[in-house]
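Residue-level listing of the chains:
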Amino acid sequence: MANYSIAKLYDFLLYPFLNNIRKKVAKIIIQLNPESLIDICCGTGNQLKFLKDSSIKLTGIDNSKAMLKVSGNINCYEQDARNIEFNNDSFDMAIIQLALHEKTFEDQKKIIDEAYRIIKSKGHLLILDYEINSNTSSFSRNMIHFIEYLAGKEHYANFKQFHVNHCTHKIIEPNQFILKKKMFIGGKSMAIQILQKQSN
């Protein structure tokens, strides 16, 4: 997002749509019971706000100053998700939500590699992103394509390529993470994947 006012508008427009999804994700996270968690590409930090009353040590990173300004008094830092400034094995869990689809394949792979590096052995990675297929409702499919088209030519091209590449299938190596559970939500337009890190 280019500036503070647009970041505030982003929050206003998307919060009602994502509210129930964030509640569902928060419930999953609490059930997994990590001691520490990092939200990679945290945006305005709303997912972390759903976890603020838990005992989890929460951290967020994003490369947008405007988004982080909206996040308020949360433990968030301006960092590049392709080069995260935390040590190896720093977190029990990482989450990446609605961020991979807007990146190039090369950047998606770098982000997953960084998540693998900073998650502790046997820790978890939760990915929430679009996964449009033949089971997706027509309304959800059309609405998402419209929103992604409005986001800009490069963004929309990355979104389409993300699906050509079968979403996260090609960016996660078998020796990095094991898929433990996958569920579809949002008119079967999004997938929540819970993955566990393989031993180092």
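Just above sits the structure.
Residues numbered from 1 in each chain as written. Predicted model: local features only at pLDDT ≥ 70, side-chain atom pairs only at ≥ 80, totals over all residues. Heavy atoms only, no water.

### Details of the side chain of Gln-193
- Of note, Gln-193 is situated in strand β7 (residues 190-197).
- A polar atom in the side chain of Gln-193 sits 2.9 Å from the side chain of Thr-168.
- Apart from residues lying up to four places away in sequence, Gln-193 is in contact with Leu-125, Leu-126, Ile-127, Glu-131, Thr-168, Leu-179, Lys-181 and Lys-182. (Helix = DSSP H or I, 4+ residues; strand = E, 2+ residues; numbered from the N terminus. Polar contact = N/O pair within 3.5 Å; in protein donor to acceptor, adjacent residues only side chain to side chain. Contact = heavy atoms within 4.5 Å.)

### A closer look at the packing of aromatic side chains
- Inspection of the entire model under this criterion finds six aromatic pairs.
- Ring geometry for Tyr-149 versus Tyr-156: centroids 5.6 Å apart, planes at 90°, classification edge-to-face.
- Of the residues examined, Tyr-156 reaches a relative accessible area of 17% and is grouped as buried.
- Site record: aromatic cluster; members linked through ring pairs are Tyr-130, Tyr-149, Tyr-156 and Phe-159.
- Sitting above the plane of the Tyr-116 ring, Lys-197 keeps its charged end 4.5 Å from the centroid. (Phe/Tyr/Trp six-rings, centres within 6.5 Å; stacked < 30°, edge-to-face > 60°. Buried < 20%, exposed > 50% of the residue type's maximum accessible area, 1.4 Å probe, protein only. Lys NZ or Arg CZ within 6 Å of the ring centre and 35° of its normal.)

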